Amino acid sequence: MRKIALHWQILIAIILAAAVGYAVNLATTDDVTPGILGVEYTVIFTFIGDLFLNALKMIIVPLITSSIIVGVAGIGSGGHLGSLGGKTLLFYAATTLAAILIGLLVMNAVKPGLIDGEPIGHMLSFEASAADVAARVEGKGVGDVAKIFLRMVPENIVHAAAEGQMLGMIFFAILFGFFMTRLDHDYSEPLYKFWNGVFHVMMKMTNWIMLFAPIGVFALVANVIAETGFDAAPSLFLFALAVLFALALHAFVLLPVLLRLVGRVRPFAVLNRAKQAMLMAFSTASSSATLPVTMECAEEKIGISNKVSSFVLPLGATVNMNGTALYECAAAIFLAQAYGLDLTFGVQFAIVTIALMTSIGVAGVPSASLVAIAIILAAIGLPVEAIGALMVFDRILDMARTSVNIWGDTCCATIIARLDGEETKVAL
Ligand code: ASP
C-alpha cells in the first residue's frame, strides 16, 4: 500500500479531531463528562497533546543553539553577518508593519465593534472571569516594552535557556558563533564539528518526532474543539471573520507578491513546500514548538541553505510575528470601537507602534499575544478586562495567526536566501 504523505496524515487528523472533539463537546453536560473507563476524553487528549508538544519543545534549546552557532560561524566574516542581519531585520520590520496596517485598514473598513454606528460594548459577554484576565496580564504596562530589549541580554544564559527565553539564547549563540571564527583553526575546527554534529542530530530527532504528528495533532485539536465547540457569539463573529480576512490578505496577497517580485521565486511552490510547517503551526498555535519543522521544510523542501535558515528562522520564530502583530492591532481597534473610544490619529498611531514593538517580544506560545494586547489597552486608556471578550475566539484565531507567523518567517528566509545569491528549489 502506498504510504500517505505526512501532511495529508496531519490534515486528516485535524478533520477527524474536529468531528470527534465536537461529538465530545455535544455529549458534555453539567452532569456528564464523557470518557472511557472512567477517564475523561479531554484528560486523554491533554495527555497525548502535551506529550507531543513536550517532545517538540524538548529539542528547542539544543536546536537553536547549535543551528545559530553553525550558521553564524559558517557566514564567517563580520561584514557578511552584518549584511545578512541587516537584511533580515529590515524584512522582518517591513512585513510586520505591513501586516499591522492591513489589520488597521480592514478593521476601519468593517468596523466590527459597531452595529448601526453604535458601540457594541454592552453586548460583549466576558467569558473569562475578571480574576483570570487579571492574573494573565497583571501589572503590564508600556514599560514592559523596554523589558523586551533587556531580555535580549540575559544575566544568566542557563537560566534564560531553562525559562525558554529565546531572544537571550539567540543573542548568546550569535556571539558564540561569531567569536568562534576569531579563534585559531585548532580550536575552532573541533568546535564547529561538534556543534554541526549536534545540529544534525536535532534535525534527525525532529524527523522522528514528526512521525507522531498525526496522533499529537489529533489530540491537540480534539481537545480545543471538545472544550469550546463551534458555538459562535454573534457579536464577535464579525470580528473573527474580519481578522481571518485580514490575515488571508497578508498571507495570500502581500507575501506572495514580495516572494515573486523581490525573491524571484514561485510563491505557491514555496507555500506548497511549507505546508507541513503551517499545519503544525495551526495545530499547536506555537511558533516555538513549530520551529524544528519550519527549519526542516526550509532546508530540505525549499532548498534554503543551512547558513541562512539557521540564522533567519530561529530569530523569526520570536521576533517576526506577522499574524500576531496584525491581530494585536485588530483586537485593540475592535475593543476601542466597541467601547466607543474616539479613534483619533494619535490613538491609532499608538496602537500601531506598540503592536510593532510588542510583537517582537511576544513568546511563540499559545495565547501569548493577549499580554501584548493588555499593554496596548492600558496605553490607550481602555480597561484591561475588555480582553475577556476576545477569549471566545482566541484559540481558533491563535491557530490562524500562528500559521501566518510561520509563513511570514518562511517567506523572509526564502527572500533573504535569494538576495544572498542562492538558487533554492523554487526559483522562477
Ligand atoms: N501563538 C502565537 C505564536 O506562537 C503567539 C500569539 O499570537 O499568541 O506564534
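Values in this document were obtained by computation on a predicted structure and should not be read as measured data. Residue positions are given per chain, counting from 1 as you read along its sequence in written order. Selection of residues for local features in this predicted model requires a pLDDT of at least 70, selection of side-chain atom pairs for listing and counting requires 80 or more, and totals for whole chains, interfaces and linings are taken over all residues. Hydrogen atoms and water are omitted, and side-chain values are computed over all heavy atoms in the structure.

Moving on: the overall build of the protein. Comment: elements are numbered from the N terminus, with helices defined as DSSP H or I runs of at least four residues and strands as E runs of at least two. Scanning the protein from terminus to terminus reveals 18 helices and 4 strands. C-alpha atoms of the protein, sized along the principal axes, occupy 70 × 60 × 45 Å. Each residue is placed in one exposure class: buried if its accessible area under a 1.4 Å probe, protein chains only, is under 20% of its type's maximum, exposed if it is over 50%, and partly exposed if it falls in between. Residues classed as buried in the protein amount to 53% of the 428 residues present. Long-range pairs, those at least 24 residues apart, make up 83% of the contacts in the protein with a sequence separation of at least 6. The protein chains shown are the only cover counted for residues, whose accessible areas, like all others here, come from Shrake-Rupley with a 1.4 Å probe. With an accessible surface of roughly 18,500 Å², the protein has 68% of that area assigned to carbon and sulfur atoms. Contact definition: two residues touch when any of their heavy atoms are within 4.5 Å.

Attention shifts here to helix 10 (residues 213-228). In a regular helix each residue adds 1.5 Å, so 16 residues correspond to 22 Å; helix 10 covers 22 Å between its end C-alpha atoms and thus fits that length. By the criterion of burial, helix 10 is predominantly enclosed, with 12 of the 16 residues buried. Among the residues making up helix 10, those that are buried are A213, P214, G216, V217, A219, L220, V221, A222, N223, V224, I225 and A226. Where helix 10 is buried, its residues contact helix 1 (6-27), helix 2 (41-58), helix 9 (185-210), helix 12 (267-284) and helix 18 (391-419). To estimate the expected span of a helix, count its residues, drop one, and scale the result by 1.5 Å.

The term nonpolar core refers to a set of buried residues drawn from Ala, Val, Leu, Ile, Met, Phe, Trp, Tyr and Cys, joined through side-chain atoms within 4.5 Å. Membership of the largest hydrophobic core comes to 135 residues, with the highest contact counts inside it found for I10, F239, M280, I351 and W407. Examining the composition of this core, we find that 14 residues originate from one element, helix 18, more than from any other. Apart from the residues lying within four places of it in its own chain, the contact partners of I10 are M210, A213, V217, Q276, L279, M280 and S283.

In this section: the site of the ligand. When we say a residue is near a molecule or strand, we mean one of its heavy atoms is within 4 Å of it. For the ligand, the set of nearby residues contains 16 residues, the closest of which are S287, T324, D398, R401 and N405. Polar contact is the term for a pair of N or O atoms within 3.5 Å; when the atoms are in protein, one must be able to donate a hydrogen and the other to accept it, and sequence-neighboring residues count only if both atoms are side-chain atoms. Between the ligand and S287, the relevant distance is 2.4 Å, taken from an oxygen atom to a side-chain nitrogen or oxygen of the residue. Contact between the ligand and T402: a nitrogen atom at 3.1 Å from a side-chain N or O atom of the residue. Against a free-state accessible area of 270 Å², the protein chains account for coverage of 100% of the ligand. Broken down by element, the shell around the ligand gets its largest block of residues, 4 residues, from helix 18. For the shell around the ligand, the per-class residue count stands at 6 nonpolar, 8 polar and 2 charged. Three categories are distinguished: nonpolar for Ala, Val, Leu, Ile, Met, Phe, Trp, Tyr, Cys and Pro, charged for Asp, Glu, Lys and Arg, and polar for the others, with Gly belonging to the last.

Every case where a carboxyl oxygen of Asp or Glu lies within 4 Å of a side-chain nitrogen of Lys or Arg is listed as a salt bridge. Applying the stated rule across the entire model yields 5 salt bridges. Put simply, K87 and D420 hold a salt bridge, and the shortest N to O gap is 3.7 Å. Taken together, the positions of K87 in helix 4 (residues 78-110) and D420 in the segment after helix 18 put the pair 333 residues apart, joining distant regions of the chain. Exposure remark for K87: the relative accessible area of 23% places this residue in the partly exposed category. Among the ionic pairs, R401 bridges to D398, the shortest N-O distance being 3.3 Å.

Phi is positive for L37, close to 50°, though the residue is something other than glycine. One can find L37 in the loop between strand 1 (35-36) and strand 2 (39-40). One non-glycine residue, S367, lies in positive phi territory at about 65°. With respect to the helices and strands, S367 occurs in the loop between helix 16 (345-361) and helix 17 (369-380). Classification of S367 by relative accessible area gives buried; the value is 16%.

This part is about the packing of aromatic side chains. Ring pairs are drawn from Phe, Tyr and Trp, using the six-membered ring of Trp, whenever the two centres fall within 6.5 Å, and their geometry is named by plane angle: stacked under 30 degrees, edge-to-face over 60, tilted for the rest. Under the counting rule described, the total for this entry stands at 11 aromatic pairs. Geometrically, the ring pair formed by F176 and W195 is edge-to-face, given 6.0 Å between the ring centres and 75° between the ring planes. One end of the pair, F176, is in helix 8 (residues 166-180); the other, W195, is in helix 9, with 19 residues separating them in the sequence. Between F194 and W195 the ring centres are 5.1 Å apart and the planes differ by 75°, which places this aromatic pair in the edge-to-face class. For W195, a relative accessible area of 17% corresponds to the buried category. Taken together, the aromatic side chains of F172, F176, F194 and W195 make up a single cluster linked through ring pairs. One Lys or Arg, R401, reaches over the ring of Y327 and ends 4.2 Å from the middle of that ring. Charge over a ring is defined by NZ of Lys or CZ of Arg lying within 6 Å of the ring centre and within 35 degrees of the ring normal.

Along the chain, A18 turns up in helix 1. With 204 residues separating them in the primary sequence, A18 and A222 have C-alpha atoms 5.7 Å apart. Discounting residues that sit within four places of it in the chain, A18 has contacts with V221, I225 and F230.

Moving on: the packing of helix 15 (residues 322-338) against helix 17. Two elements in contact, helix 15 and helix 17, have axes separated by 10 Å at closest approach and are oriented at 45°. In terms of axis orientation, helix 15 runs oblique to helix 17. Read as a crossing pair, helix 15 and helix 17 show a hand that is right-handed. Seen from helix 15, the contacting residues are T324, Y327, E328, A331, A332, L335 and A336; seen from helix 17, they are S369, A372, I373, I376, L377 and I380. Orientation is described by axes fitted as lines to C-alpha atoms, over the contacting stretch for helices, and by angles from 0 to 180 degrees between their N-to-C directions. Here is the rule for angles: anything less than 35 degrees is roughly parallel, anything more than 145 is roughly antiparallel, 65 through 115 is roughly perpendicular, and the remaining ranges are oblique. Each crossing gets its hand from how the near helix is turned against the far one by less than a right angle, where anticlockwise is left-handed and clockwise is right-handed.

Here we take up the confidence of the model for the protein. Detailed reading of predicted coordinates is not advised where the pLDDT is low. On a scale of 0 to 100, pLDDT captures the predictor's confidence in every residue. When pLDDT is averaged across the protein, the result is 86; 92% of the residues are at 70 or more. Per-residue pLDDT, averaged within each element of the protein, yields its smallest value for helix 5 (residues 130-137) (52) and its largest for helix 15 (95). Segment residues 126-130 is flagged for pLDDT under 50; beyond a separation of four residues in sequence, or across chains, it makes 10 contacts in the model.

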